[in-house]
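# Remarks on the overall topology
For reference, the chains in residue letters:
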4 protein chains.
Amino acid sequence: MKKFITLFLSAFMTLPLFAQYNRQVRGNLVIPDLKGYVTLKCDFHIHTVFSDGVVWPTVRIDEVYKEGLDAISLTEHLEVRPYVYEKSVSHNRSYEIAKPAADAKEIILIRASEITRDMPPGHCNALFLTNSDELAKPDWRDAFRAAKAQNAFIFWNHPGWWAQQPYTTEWWPEHTELMEQGMLHGIEVAQYNTYYPEAHRWCLEKKLTMIGTSDAHESVRDEIDLYNWKHRTMTFVFAKERTAESIREALNERRTAVYADEHVIGEEKYLKELFENALEWELEKIDNVVYITFKNKSDLTFRLRKGEHDPRLIYFRYSNLSPYIIEPQGVHTISVRFLDGVTSGDVNFIIENFLVEPNTGMRYVIKI
Amino acid sequence: MKKFITLFLSAFMTLPLFAQYNRQVRGNLVIPDLKGYVTLKCDFHIHTVFSDGVVWPTVRIDEVYKEGLDAISLTEHLEVRPYVYEKSVSHNRSYEIAKPAADAKEIILIRASEITRDMPPGHCNALFLTNSDELAKPDWRDAFRAAKAQNAFIFWNHPGWWAQQPYTTEWWPEHTELMEQGMLHGIEVAQYNTYYPEAHRWCLEKKLTMIGTSDAHESVRDEIDLYNWKHRTMTFVFAKERTAESIREALNERRTAVYADEHVIGEEKYLKELFENALEWELEKIDNVVYITFKNKSDLTFRLRKGEHDPRLIYFRYSNLSPYIIEPQGVHTISVRFLDGVTSGDVNFIIENFLVEPNTGMRYVIKI
Amino acid sequence: MKKFITLFLSAFMTLPLFAQYNRQVRGNLVIPDLKGYVTLKCDFHIHTVFSDGVVWPTVRIDEVYKEGLDAISLTEHLEVRPYVYEKSVSHNRSYEIAKPAADAKEIILIRASEITRDMPPGHCNALFLTNSDELAKPDWRDAFRAAKAQNAFIFWNHPGWWAQQPYTTEWWPEHTELMEQGMLHGIEVAQYNTYYPEAHRWCLEKKLTMIGTSDAHESVRDEIDLYNWKHRTMTFVFAKERTAESIREALNERRTAVYADEHVIGEEKYLKELFENALEWELEKIDNVVYITFKNKSDLTFRLRKGEHDPRLIYFRYSNLSPYIIEPQGVHTISVRFLDGVTSGDVNFIIENFLVEPNTGMRYVIKI
Amino acid sequence: MKKFITLFLSAFMTLPLFAQYNRQVRGNLVIPDLKGYVTLKCDFHIHTVFSDGVVWPTVRIDEVYKEGLDAISLTEHLEVRPYVYEKSVSHNRSYEIAKPAADAKEIILIRASEITRDMPPGHCNALFLTNSDELAKPDWRDAFRAAKAQNAFIFWNHPGWWAQQPYTTEWWPEHTELMEQGMLHGIEVAQYNTYYPEAHRWCLEKKLTMIGTSDAHESVRDEIDLYNWKHRTMTFVFAKERTAESIREALNERRTAVYADEHVIGEEKYLKELFENALEWELEKIDNVVYITFKNKSDLTFRLRKGEHDPRLIYFRYSNLSPYIIEPQGVHTISVRFLDGVTSGDVNFIIENFLVEPNTGMRYVIKI
């Protein structure tokens, strides 16, 4: 049969495909930069038909191009490849197929693999590899050593995955061992639809890099629609430049935040700057009322709740049944009234979807 | 490497996959049945990574399950398989992978292949095959004969495709030849985003079956979103039962209609019954005004324009800038006023999205 | 000029108005009934141009007809009528204008007035009046006595309104006095966009009826759009029949709940029955996984959070970043997995938008 | 009772009203300017409770402020005032109530009245009045003369209104008479939901000004929602400045277009410039394909159909089932392919919602 294929193929190839005229438009997910850094939108945990995902590698490039991401890794399981029908296929194949598409669309594609083991140490992704095939070793320690030999950045995936840690989310001696040997640098604080508050705490305490990923197996659109999300779970990387090397430097320096549903998770210093760079606000005082007009220049959402508030102030335009929500690119005015004789005060908010500690929103004060 | 895979696989297989707990819900696309027939929603032209589509075969089952379709075919090109990396793979593989998933979700999967040739005769799909490999032959006439030997139902795909018929959409002697030899039974009147009025006319004149298909290569959701459609292009098959054999019988008897964007294309006798079974209407007369309240029990949309109308009647609740639109499951009231002394009249509509002849809407009269 | 008006009017009145042909459709807000009671959707606090609202009284009937409410009161301020340009106009005028429209649309219109005073006692609405003019008295106690003389049901409006109670929401001796004299029977627990948790507590403790109202001054659509709400704040009255007298009986017996944004506020016995009558659920067990499929037959939303949960169970299809939301008329499946060897357990939820005590969601357990 | 009102009012007025803290935001309806002219969005036909509308005059200012209009008239019927309960109320009252609100929100309020008579001459609006009361005269000719004496701009309302012209839309000798005497300057080409193609033709032939109005009686939001419109019917006035005098000058010079649903109706010279100023497009040629990327900088919608097209070109990204729609602020790419050997051609469109003659879309050619 093979010859027929060859025969017909030449004839057919004079015919353009439909798809090539459906020119895509690069998506624009507007997240503010930080002082000195550009904010790169990254997803370092993705599968294709070269492990147990259900789409061809180029689809992953098309998806992130349309979603406005900057960098991804295809992290095929080294050990689990149910859709690979020719077992001699290299673990580098997925990267190699996707790379020309990534280059054409200016997506930074970082070669990676997923080391897929029982707990401990569970599943871990190794980024910045040079040859994935070398990690395919029976002993998990050998796999990690091979990754380290390629100078990989390694993070622990979905640490509280029920299938591996059903009762509690625990840190094992093996993770200490990996960390001490320079073979564990970060943890998934959020993966797909799940937030791991324990991982959030470990990152703060052990100085590990916070990572957020889609862990996409199906079409990303299908996956995020299940939860009515607007975007995949991803990592914001605050990088000096839009290059793979800058991403590596930023990951090493833990300059990241995690973006999952409407939540941004990270260190307060980064989240505060994101907040301030995303929102502009103006104050206008008319009689006893100060109008605070927020203009959201970003695609982030902000859920503001009144904090323990200054008793000399009264909030208007504020339903106390729900948080005050500033939608992406939205403009909103909050009115605050001074009681008689009062001329200044603190408007105290909790940005309840900006998590600066496990399950804890960020406080923010506007002085008026 | 293969042994490592085997080794690890057994360990891993004790771990459930994420995906298997995302139980899907069967979609419900409400299209009325006709008297004596159940209306099956079918798509007979779909690709996967086993030709030039970009998703795994099971994805096609998941998609149609969620969209509420009843039956599909995976019509891999026999001649064009850019994503197949082991050339000895059988042309039946796609079907074999999808079949268990189809059975589990009660989707009727009809084995098929696409014979992919220059014009004439262009591309054609052969349905109800028993072995696709037998159609892989250098001479196209041999391929059609092999399909006929398996008692296939064969239709001509996208007859006016610009890459094959750029200037005009023409019927070739080869199509007459195929028809006369019982090797051409239908034509795509609509494929993906394109309507072929010439094919519409040919089906009416030559008694061929009208077919509508998605010709999906990418995720169907991505494809229909390009045009803000709500559903893929498909064929309504008016079948005696929800079985493959009944579909075959209905296709042979030309009991189909094509559903593309908001348009339904087919013979007037079927479209009229669809219209009447989808809509209920009640008349209420108060003084000189008759209120016609339409209740749309279906997911079809109806775009009504005033026909050449009875001059004794005046329509209210009707903007003459746009057609009167009855949305899926919507309830709408049109008010018609009798001029003084008038007690009955004809309310003449053109259902402009129900095409009973090429580019021609269906007339409908309500007597009040 | 008056004669000209009279003259032209007769000529004009032979011409139908546009508006009368825009026949409206009664809205259908689906809230389940309770055993032995029909759930009536009521708004007992509304203004028109006959006090400081900006629309004609009939607009209020049109609005509630389209929104699917059953009963309303027009509660014009007795003391504040900035838009009344002829001061001799009776306080009953608003009711009289609206009554024929209410009758035509089968809206129960309950004659009422708002007694509008400084705190204490603040603003109160008196329902079931027979003549509003008799309440227009300088001394507020006389106004309440006049209302009582007409056998009115009286409730305290927006008890924590900042303009009257800026620092805290307090109960005054005057309210005790009114209660003891049978002149205070309920409180607004939610009004427009504000929830008063103190009032919620008082109603539970002092056996007062919980009321929710729009306090509409502008077009209701404009008011609720400010907060992206789907409906006005209202009172569910669990009445024996759909009559004014049954409403009175139910208000007296405190058979109400308050509906504000997505929140339902009330006594647990009523909210639990609402929950159970609004949702159907089915359990299906496949291997170790139980699928709980919720079918919401109502227009209520349910926000479920995992309660302190049974450690032998694992939830799927559940993002722990946000509550699990069952939309109006929605169907959702939650998957729960038994760990090995476990065969039953408790699925513990908190329905966080069903407030059974101040700011406290309702617990609900599904045994599987 | 009056004294009680006075008594309580003083006490109450120390309390702020709710409404005054709901600060509104001026809407921004983006319609491009023309060379030398600013495009003002105007509605010269509106009612309030001072004739047969159902809202207070200030509501009309709030509405247009939120919708982004520049100028309006309140055109109370001189002869029909069913909601006026004190018949001595001046016909100027509506204007006087609305004027301070208009000034505060920088809405240009043009004093006007509607002369409301049987056909002929039917209903006409007189703008730029100085005293509406002087138009309240039994003989319609006297009313028009009084308007002319105040130097009014006068236009004929809804010329084909079924209640006055049920069978056909005719021009009467009385309209010729009015025109010749300088008492008829424009016609409503679209009013509320109705387009009058006859009026469109008369304006072109008789050099009358094209006017579009809401003729709002109810809340504008309620009225336009009946037809799922995004905006009220209005007049674009191409004025030298944003002043009442400039509006008058532009109306006299017939520099207007009518905006109704998605349609823009007017002279081709204005519509062409609107089209070109609203859309930017870029051409990019890759191999044989030219990508035309339209960027719509306006809130207008464009419905493009292929015109009789150049046979050497093939359109992609174009479903031939529906027009190609460029949404407000949308970006879209149309791909056009040259057949082999072709290097240029005409892309012919009909902008089917830009009506330059009765029921006739505007042609537009892009040369590539």
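Remember, it's a predicted structure, so these values are computed and weren't measured experimentally.

Time to look at the overall build of chain A. Within chain A, the secondary structure is distributed over 9 helices and 20 strands. For chain A, the spread of C-alpha atoms along the three principal axes comes to 90 × 55 × 35 Å. Looking at the 368 residues of chain A, the share that counts as buried comes to 63%. If you sum the accessible surface of chain A, you get close to 13,800 Å²; carbon and sulfur atoms cover 48% of it. For chain A, the centre of its 43 positive side-chain charges and the centre of its 53 negative side-chain charges are spaced 3 Å apart.

Right, let's talk about the domain arrangement of chain A for a bit. Residues and elements named next belong to chain A. Each assigned domain of chain A is listed here: domain 1 (24–266) and domain 2 (273–367). Inter-centroid distance (C-alpha atoms) of domain 1 to domain 2 is 35 Å. A combined buried area of about 1,600 Å² lies between domain 1 and domain 2, and 60% of that area is made up of carbon and sulfur atoms. For domain 1, the biggest contributors to the area lost against domain 2 are Pro32, Glu262 and Val264; these three give 32% of the whole. Inspection of the domain 1/domain 2 interface yields 1 salt bridge.

Enumeration over the complete set of coordinates arrives at 92 salt bridges over all chains. One salt bridge in this structure joins C:Asp225 and D:Arg221, with 2.6 Å as the shortest N-O distance. Of this pair, C:Asp225 sits in helix H7 (residues 220–225) while D:Arg221 sits in helix H7 (residues 220–225), which puts the two residues in different chains. Since its relative accessible area comes to 32%, C:Asp225 is described here as partly exposed. Residue classification places D:Arg221 among the partly exposed residues on the basis of a relative accessible area of 25%.

Of all hydrophobic cores here, the largest spans 96 residues; its most connected members are B:Phe236, B:Phe302 and B:Phe354. The leading source of residues in this core is strand E19 (residues 346–357) of chain B, at 6 residues. What B:Phe236 contacts, discounting residues up to four positions off in sequence, is B:Ile31, B:Thr39, B:Leu40, B:Lys41, B:Arg255, B:Thr256, B:Ala257, B:Tyr259, B:Val264, B:Leu274 and B:Leu300. With 95 residues, the next largest nonpolar core counts C:Leu34, C:Leu184, C:Ile314 and C:Phe349 among its residues.

Another point: the packing of helix H2 (residues 57–67) of chain D against helix H3 (residues 93–104) of chain D. Residue and element names in this part refer to chain D. Close contact between H2 and H3 brings their axes to 8 Å; oriented N to C, the two are set at 40 degrees. For the pair H2 and H3, the sense of crossing is right-handed. The residues of H3 that touch H2, namely those facing Pro57, Thr58 and Ile61, are Ser94, Ile97, Ala98, Ala101 and Ala102. In the contact of H2 with H3, the residues fall into 6 nonpolar, 2 polar and no charged.

Counted by the stated rule, this structure contains 75 aromatic pairs over all chains. Judged by centre distance (5.5 Å) and plane angle (55 degrees), the rings of A:Phe50 and A:Trp56 are tilted. Residue A:Phe50 is classed as buried on the basis of its relative accessible area, which comes to 2%. Within the aromatic cluster, the residues linked to one another by ring pairs are A:Phe50, A:Trp56, A:Tyr83, A:Tyr85, B:Phe50, B:Trp56, B:Tyr83 and B:Tyr85. A cation over a ring is seen here: D:Lys105 above D:Tyr65, with NZ or CZ 5.3 Å from the ring centre. The positively charged end of D:Arg248 is found above the aromatic ring belonging to D:Phe128, 4.4 Å away from the centroid.

This next bit is on the side chain of D:His45. All names here are of chain D. Along the chain, His45 falls in the loop between strand E1 (38–43) and H2. There is a polar contact of 2.7 Å between the side chain of His45 and the side chain of Glu188. Residue contacts for His45: discarding those within four places in its chain leaves Ser73, Thr75, Glu114, Asn125, Asn157, His158, Glu188, Thr213, Ser214, Asp215 and Ala216.

All names here are of chain C. The topology assignment puts Thr116 in strand E4 (residues 112–116). The buried category is assigned to Thr116, whose relative accessible area is 5%. A distance of 3.0 Å separates the side chain of Thr116 from the side chain of Glu79, its partner in a polar contact. Reaching out from Thr116, the side chain makes a polar contact with the backbone oxygen of Glu114 at a distance of 3.1 Å.

A word on the pairing of strand E14 (residues 289–296) of chain A. All names here are of chain A. In terms of burial, E14 is largely enclosed, as 6 of its 8 residues are buried. Strand direction decides the pairing type here: strand E13 (residues 279–286) and E14, joined by 8 bridges, are antiparallel. Bridging across to E14, Glu280 finds its partner in Lys295. Once E13 ends, the chain turns through 2 residues before running back antiparallel as E14, passing Asp287 with a positive phi of about 55 degrees.

All told, the structure shown has 0 disulfides over all chains when counted by the stated rule. Here B:Cys203 is not cross-linked by a disulfide; its sulfur's nearest cysteine counterpart is in B:Cys124, at 12 Å. The class of B:Cys203 is buried, set by a relative accessible area of 2%. Cysteine C:Cys42 is unpaired, with the sulfur of C:Cys203 as its nearest cysteine sulfur at 16 Å. Classification of C:Cys42 by relative accessible area gives buried; the value is 0%.

Residue and element names in this part refer to chain C. Within the span of helix H6 (residues 197–206), buried status applies to Ala199, His200, Trp202 and Cys203. Looking straight down H6, one finds its buried side chains confined to an arc of 165 degrees; they lie on one side. As for H6, its buried residues are in contact with strand E6 (153–156), strand E7 (186–191), strand E8 (194–195), strand E9 (209–213), strand E12 (263–266) and strand E19 (346–357). Following H6 by one or two positions, Lys207 has its phi on the positive side, about 55 degrees.

Each value, and the rule that gives it
Residues numbered from 1 in each chain as written. Chains lettered and ligands numbered in written order. Predicted model: local features only at pLDDT ≥ 70, side-chain atom pairs only at ≥ 80, totals over all residues. Heavy atoms only, no water. Helix = DSSP H or I, 4+ residues; strand = E, 2+ residues; numbered from the N terminus. Buried < 20%, exposed > 50% of the residue type's maximum accessible area, 1.4 Å probe, protein only. Areas by Shrake-Rupley, 256 points an atom, 1.4 Å probe, with all protein chains shown as cover. Lys, Arg positive; Asp, Glu negative; His and termini not counted. Charge placed at Lys NZ, Arg CZ, Asp CG, Glu CD. Domains from an automatic or database assignment. Buried area = accessible area lost by both parts, 1.4 Å probe. Salt bridge = Lys/Arg side-chain N within 4 Å of Asp/Glu carboxyl O. Core = buried A, V, L, I, M, F, W, Y, C linked by side-chain atoms within 4.5 Å. Contact = heavy atoms within 4.5 Å. Axes fitted to C-alpha atoms, helices over the stretch in contact; angles between N-to-C directions. Left-handed = near helix turned anticlockwise from the far one by under 90°. Nonpolar A, V, L, I, M, F, W, Y, C, P; charged D, E, K, R; others polar. Phe/Tyr/Trp six-rings, centres within 6.5 Å; stacked < 30°, edge-to-face > 60°. Lys NZ or Arg CZ within 6 Å of the ring centre and 35° of its normal. Polar contact = N/O pair within 3.5 Å; in protein donor to acceptor, adjacent residues only side chain to side chain. Pairing = 2+ DSSP bridges. Disulfide = S-S within 2.5 Å. Arc of directions from axis to C-beta.

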